[in-house]
Amino acid sequence: MPRTPSRRTVLRGLTVTGAAVAGFDPAARGWAADASGTDARLAGTPRLDGTLTRDDAALGAASDDYGHIVHHRPAAVLRPGSVRDVVAMVRFCNEHSVPVAPRGQGHSPFGQAQVPGGLVVETATLADIGPVGPDSTTVTVGAGARWSEVAGATLAHGLTPPVFTDYIELSVGGTLSVGGLGGQAHRYGAQVDNVTELRVVTGAGELVRCSPSRRPDLFHAVLAGLGQCGIIVEATLRLVPAPRTVRHYHLAYDDLGTFLDDQRILVQEGRFDYVEGQVAADADGAFRAYTLEAVAYGPPVGPAPDDATLLRGLRHTPSGVRYEDRSYLDFLDRLAPFVAMLKETGLWTYAHPWLNLMVPGASAAAVSAPLLDALTPADLGPGVVLFYPLLRERLTTPLLRSSDEPVSYLFDILSATPPDDTAAVDRRLAANRSAYEAVAAVGGTQYPVGSVPFTRADWRTHFGPAWPALEAAKRRYDPRRILVPGQGVF
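These numbers come from a predicted model, not from an experiment.

Chemist: Can you tell me about the confidence of the model for the protein, naming the residues and giving the values?
Modeler: Parts of the model with low pLDDT should not have their predicted coordinates read in detail. Here the protein averages 92 in pLDDT, and 91% of its residues register 70 or above. Below pLDDT 50 for its whole length, residues 1-41 participates in 82 contacts with residues either more than four positions away or in separate chains.

In structure tokens:
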């Protein structure tokens, strides 16, 4: 009786060497490169428009990510030339129980898109952006398109997606798999709340078009679903009119509670289009310097900003007010000089044991204060501490979890540590876990883009009432559980 091939054996023969792979021979546990003489034992090999490779450079890149903490080497990397390639290879991998994970810009910090002995699908080649006109209400884009590219295409017609992450060089498929939160989310919801349709390749290799009215179980299992039920290959995004210019305020505070309360007031009143905040170390090295960032959109979206009206009643330090007027695109891409500096100085390659928590509004100051008190400049390194106020009523995607309170805060401690200082990384990971437990105890959870050690039981708790639907979708759309094992959900 032929033996069942191992995952690594299944993919062993798929190296792009110029020789055509004719098929897989389960009896010999290897690939046949010669199709002369028909052999019924050979399993058909997918014909691809793109490339499948096992060269060291590709495998090495796929076994790392922005976190530089976890390193799992795949057996092969697919660079698809079409959506057909993704369908063919996922279907093939499902047949042979080979794990698969999509990879966009490789910005995961904790090995989430890595797959030991499996197949990594690089989505960067699936980057088409559909037609846009001045009257468009949506745009359809490939999963590998970066948000910066989407913005460039839509702004040419005076339109924009309503929500952006602060760093806009991430892939559309990547952020839609986790949620996509930014300073506009209090007004428009997350990026996943602004998707009207998806094309998805399920774990069984089925290409499915889904929406709130068409296969809604899959639609809701994929958005913020961490890749567990399908690989996004195309998304249709909502568009809104874009401002030409914005006014970007920076307001200084010296009290955490007041800083957070003013953030809450601003998002509940809808006074600004973008609200977030940063915490920095003061002269004594204590994280007690708070800056509230608020952005007002100008014409044609809103009126010319009026400082007195926008800042009325806020309790910032009177002397701590500054603002600048800038183009909308310049505002969206404001991190570009900082990122360039990180890359030039080598800091981009630091380990990133990130902490991202969804904290209930009523507990935000009490929970975050001891975490900030314990934080040192050495712990944070060249990282940042951020707060984003969020309205529960705007977050409508079932799998994007927050607290049940009307206002939650996304609280981020985005540390950066020399990658060879494994002891420091381990300390941050342990601190992340403790912080998560403190937040979970008051009804919060994590935003799953960080480095928090999580068990399967933790995931069940995290998804809460949404877990049964996710579990049912997993059984239906990825019955062999080949998709994205790096998340550790199933």
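Chemist: Residue-level account of unusual backbone geometry, with values.
Modeler: Between proline 299 and the following residue, proline 300, the backbone shows a cis peptide bond with an omega angle of 0°. Here proline 300 shows up in the loop between strand S16 (287-297) and helix H9 (307-311). For histidine 68, which is not a glycine, the phi torsion comes out positive at approximately 55°. With respect to the helices and strands, histidine 68 occurs in the loop between helix H2 (56-62) and strand S5 (76-79). For arginine 481, which is not glycine, the phi torsion reads 55° and is therefore positive. With respect to the secondary-structure elements, arginine 481 resides in the segment after helix H16 (467-477).

Chemist: So what's going on with the pairing of strand S14 (residues 245-253)? Residues and values would help.
Modeler: Most of S14 sits inside the fold, with seven of its nine residues counted as buried. Relative to strand S17 (residues 321-327), S14 is paired through seven bridges, and the arrangement is antiparallel. Bridge assignment links histidine 248 to a residue of S17, and that residue is glutamate 324. Relative to S16, S14 is paired through eight bridges, and the arrangement is antiparallel. Bridge pairing links arginine 247 to alanine 296 in S16.

Chemist: Residue-level account of the sheet that holds S5, with values.
Modeler: If you trace the four strands from one edge of the open sheet to the other, you get S4-S5-S7-S6, paired in mixed fashion. Each of the sheet's edge strands pairs with one partner strand only, and the pair in question is strand S4 (51-53) and strand S6 (100-103). Looking at each pair of strands side by side, their axes are set apart by 20° on average, direction ignored.

Chemist: Can you explain the sheet that holds strand S12 (residues 230-238)? Please cite residues and give values.
Modeler: Adjacent strands of a sheet form backbone hydrogen bonds with each other and so pair up, either parallel or antiparallel. The antiparallel open sheet is built from four strands, whose spatial order is S8-S12-S10-S11. The two strands at the open ends of the sheet, each matched to only one other strand, are strand S8 (138-142) and strand S11 (207-210). Within this sheet the neighbouring strands show an average axis-to-axis angle of 20°, counted without direction. The sheet contact formed by S8 and S12 spans five bridges and is antiparallel. Within S12, the position partnered with threonine 138 by the bridge is arginine 238.

Chemist: Lay out helix H8 (residues 256-269) in plain terms, naming residues and giving numbers.
Modeler: Look at H8: 20 Å from first C-alpha to last across 14 residues, which is about the 20 Å you get at 1.5 Å a residue. Every buried residue belonging to H8 is among Leu256, Phe259, Leu260, Asp262, Gln263, Leu266 and Val267, and all of these are buried. One face of H8 carries all of its buried residues, which in axial projection span an arc of 160°. Two or three places before glycine 257, at the opening of H8, aspartate 255 has a side-chain oxygen 3.2 Å from that residue's backbone nitrogen. Within two residues after H8, glycine 270 carries a phi angle of roughly 70°, on the positive side.

Chemist: A description of the packing of H8 against helix H12 (residues 364-374) should follow, citing residues and the corresponding values.
Modeler: Close contact between H8 and H12 brings their axes to 10 Å; oriented N to C, the two are set at 135°. The orientation of H8 with respect to H12, classified from their angle, is oblique. Judged by the twist between their axes, the crossing of H8 over H12 is right-handed. For the pair H8 and H12, contact is made by Leu256, Gly257 and Leu260 and by Ala364, Ala365, Ser368, Ala369 and Leu372, respectively. Of the residues that constitute the contact of H8 with H12, the class distribution is six nonpolar, two polar and no charged.

Chemist: Tell me about the pattern of salt bridges, residues and numbers included.
Modeler: Under the criterion given, the structure shown has 29 salt bridges. Ionic pairing is found between arginine 215 and glutamate 206, a salt bridge with its closest N-O pair at 3.7 Å. Arginine 215 gets classed as partly exposed once you look at its relative accessible area, which sits at 27%. Notably, a salt bridge pairs arginine 315 with aspartate 261, separated by 2.9 Å at the nearest N-O pair.

Chemist: Describe the nonpolar core, naming the residues involved and giving the relevant values.
Modeler: Judged by nonpolar contacts, the single largest core of 110 residues is most densely connected at Leu176, Leu181, Leu198 and Leu237. In terms of residues, this core owes the most to one element, S16, which gives seven residues. Excluding residues within four positions of it along the chain, leucine 198 makes contact with Leu176, Val208, Arg209, Cys210, Phe219, Val222, Leu223, Ile232, Glu234 and Ala235. Of all hydrophobic cores here, the second largest spans 28 residues; its members include Ala58, Leu59, Val77 and Met89.

Chemist: Describe the packing of helix H15 (residues 456-463) against H16, with residues and values.
Modeler: Orientation of H15 relative to H16, taken along the N-to-C sense of each, is 120°, at an axis distance of 8 Å. When the interaxial angle is binned, H15 and H16 end up oblique. For the pair H15 and H16, contact is made by Trp459, Arg460 and Phe463 and by Trp467, Leu470 and Glu471, respectively. In terms of residue class, the contact of H15 with H16 is made up of four nonpolar, no polar and two charged.

Chemist: Describe helix H3 (residues 83-95), naming the residues involved and giving the relevant values.
Modeler: Between its terminal C-alpha atoms H3 stretches 19 Å, which fits the 18 Å expected from 13 residues at 1.5 Å a residue. Taken residue by residue, H3 has Val83, Asp85, Val86, Val87, Met89, Val90, Phe92, Cys93 and Asn94 as its buried positions. Backbone geometry just downstream of H3 places serine 97 in the positive-phi region, at approximately 55°.

Chemist: Lay out the pairing of S11 in plain terms, naming residues and giving numbers.
Modeler: Side chains of S11 alternate between two faces, with Val208 and Cys210 buried and Leu207 and Arg209 left unburied. Where strand S10 (residues 195-202) lies against S11, four bridges are found, and the strand directions are antiparallel. Residue pairing across strands places leucine 198 opposite cysteine 210, the latter belonging to S11. From the end of S10 to the start of S11, which pair antiparallel, there are four residues, and glycine 205 there has a positive phi angle of about 80°.

Conventions adopted
Residues numbered from 1 in each chain as written. Predicted model: local features only at pLDDT ≥ 70, side-chain atom pairs only at ≥ 80, totals over all residues. Heavy atoms only, no water. pLDDT = per-residue confidence, 0-100. Contact = heavy atoms within 4.5 Å. Helix = DSSP H or I, 4+ residues; strand = E, 2+ residues; numbered from the N terminus. Buried < 20%, exposed > 50% of the residue type's maximum accessible area, 1.4 Å probe, protein only. Pairing = 2+ DSSP bridges. Axes fitted to C-alpha atoms, helices over the stretch in contact; angles between N-to-C directions. Expected span 1.5 Å × (residues − 1). Arc of directions from axis to C-beta. Polar contact = N/O pair within 3.5 Å; in protein donor to acceptor, adjacent residues only side chain to side chain. Parallel < 35°, antiparallel > 145°, perpendicular 65-115°, else oblique. Left-handed = near helix turned anticlockwise from the far one by under 90°. Nonpolar A, V, L, I, M, F, W, Y, C, P; charged D, E, K, R; others polar. Salt bridge = Lys/Arg side-chain N within 4 Å of Asp/Glu carboxyl O. Core = buried A, V, L, I, M, F, W, Y, C linked by side-chain atoms within 4.5 Å.

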